[in-house]
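Single-letter residue listing:
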Amino acid sequence: DALEREIEEILGLRERREKDSELYKIANEVFDRTTKETLAYLHRRGKIEELYGVISTGKEANVFAGVDSEGNRIAVKIYRTYTTEFRRIWEYLAADPRIGYLPKDMRKLVFVWTRREFKNLQRAIKYAVRVPEPLAFRNNVLVMEFIGDELPAPRLKDVEKDLTKTDFEELYDFTMGVIERLWKRGDMVHGDLSEYNILIHEGPVVIDWSQATVKRNRMSLELLRRDLTNVSNYFRKRGVDVVDPEEKFRELVER
Ligand code: ATP
Ligand code: MN
């Protein structure tokens, strides 16, 4: 039908794509009707011209590389509308004072989750934290700036073998600066800050803002402590003379 044709157009199958490409396989597995309709909508709005590759496949979301109607490169994060993480997502959203009504239906809950990540990106970018620029969202689909050149930028975890002690020291300072600016100026916390969610592209870029929340959230202190602990542990193991995370925690909280 018309929708299937539009999806094929988005996937570039009409011209050149083999029907057995990885992109096609993943798309076949994870694009349900809602996702297809959402992609078609974003396609008509020029937000997604084409998806040409798979960047990452995860439990909750898949990330694709694509271009918009103006030829800008984009990363498209598509949440699964069926997720086994329903409970965790529900708990995180229930604690967020920005979220008013919580849908009972899993699909709609994922839409709220997606919108929250978009809002988090918009908020973080204001506090001089380098993040992918948020471009559009609808339902379970989030469109953002593509970070990388030809290929998507590597994660800190992917490049750590090539880094010197000085590199680690600089990255540690950067990451602690992010935590501090977000908390003090942005009243927010990332909540999943790690070597897996920092891309290296002309400097570090912080991604994956799905768990981020505001200070007013009753879980925010727990998340702040988690970020500080994870970041400190990681950099300590790489030879950085780190500040005690508990000390930093008290410093940030007691004021
Ligand atoms: P979640 O915890 O929300 O399920 P996830 O870990 O599956 O998230 P992300 O961390 O947001 O999802 O993205 C997965 C991977 O996709 C990243 O590790 C990174 O390699 C790549 N990626 C994400 N966003 C971008 C982007 N804007 N540009 C380039 N690559 C990206
Ligand atoms: Mn991630």
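Residues numbered from 1 in each chain as written. Chains lettered and ligands numbered in written order. Predicted model: local features only at pLDDT ≥ 70, side-chain atom pairs only at ≥ 80, totals over all residues.

The domains assigned to the protein are domain 1 (2-145) and domain 2 (156-253). A separation of 25 Å is found between the C-alpha centroids of domain 1 and domain 2. The interface of domain 1 with domain 2 comprises 18 residues on the first partner and 21 residues on the second. Per-element tally for the side of domain 1 that touches domain 2: the top contributor is helix α5 (residues 106-125), with six residues. Residues belonging to the side of domain 1 that touches domain 2 are distributed by class as follows: eleven nonpolar, one polar and six charged. (Domains from an automatic or database assignment. Contact = placed C-beta atoms within 7 Å. Helix = DSSP H or I, 4+ residues; strand = E, 2+ residues; numbered from the N terminus. Nonpolar A, V, L, I, M, F, W, Y, C, P; charged D, E, K, R; others polar.)

Glancing now at the pairing of strand β4 (residues 134-138). Pairing of β4 with strand β5 (residues 141-145) involves four bridges; the strand directions are antiparallel. The residue bridging P134 from the neighbouring strand is M144, located in β5. Joining the antiparallel neighbours β4 and β5 is a turn of two residues, in which N139 adopts a positive phi near 50°. (Pairing = 2+ DSSP bridges.)

Surrounding ligand 1, one finds 22 residues, the nearest of these being S56, G58, A75, P132 and D208. For the shell around ligand 1, the per-class residue count stands at twelve nonpolar, five polar and five charged. When residues of the shell around ligand 1 are sorted by domain, at least three fall in each of domain 1 (2-145) and domain 2 (156-253). (Near = placed C-beta within 6 Å.)

Quick look at the environment of R225 now. Within the secondary structure, R225 is located in helix α8 (residues 220-237). The spatial distance from the C-alpha of R225 to the C-alpha of D173 is 17 Å, given a sequence separation of 52 residues.

Before going further, it helps to spend a moment on unusual backbone geometry. In the Ramachandran plot, D187 falls in the positive-phi region, its phi being about 50° despite a non-glycine side chain. Here D187 lies in the loop between α7 (165-184) and β6 (188-189). The phi dihedral of E202 falls on the positive side, at around 50°, and the residue is not glycine. Here E202 lies in the loop between β7 (198-200) and β8 (204-206).

Mapped onto the elements, K77 comes out in strand β3 (residues 73-79). Along the chain, K77 and T114 lie 37 residues apart, while their C-alpha atoms are 8.9 Å from each other. Ignoring sequence-local partners within four residues, the contact set of K77 consists of A61, V63 and L142.

So, on to helix α3 (residues 33-44). Given a rise of 1.5 Å per residue, twelve residues ought to cover 16 Å, and the 17 Å separating the end C-alpha atoms of α3 matches this to within 8%. Residues of α3 that are buried sit in contact with α1 (2-10), β3, β4 and β5. (Expected span 1.5 Å × (residues − 1).)

Here we take up the nonpolar core. Core analysis: the largest hydrophobic core is formed by 58 residues, its most contacted members being I48, I74, V76, V141, V143 and L182. Looking at this core, you find at least three residues from each of domain 1 (2-145) and domain 2 (156-253). Setting aside residues no more than four positions away along its own chain, L182 makes contact with A124, Y127, V129, M188, V189 and H190. (Core = buried A, V, L, I, M, F, W, Y, C linked by C-beta atoms within 7 Å. Buried ≥ 20, exposed ≤ 12 C-beta atoms within 10 Å, placed from the backbone.)

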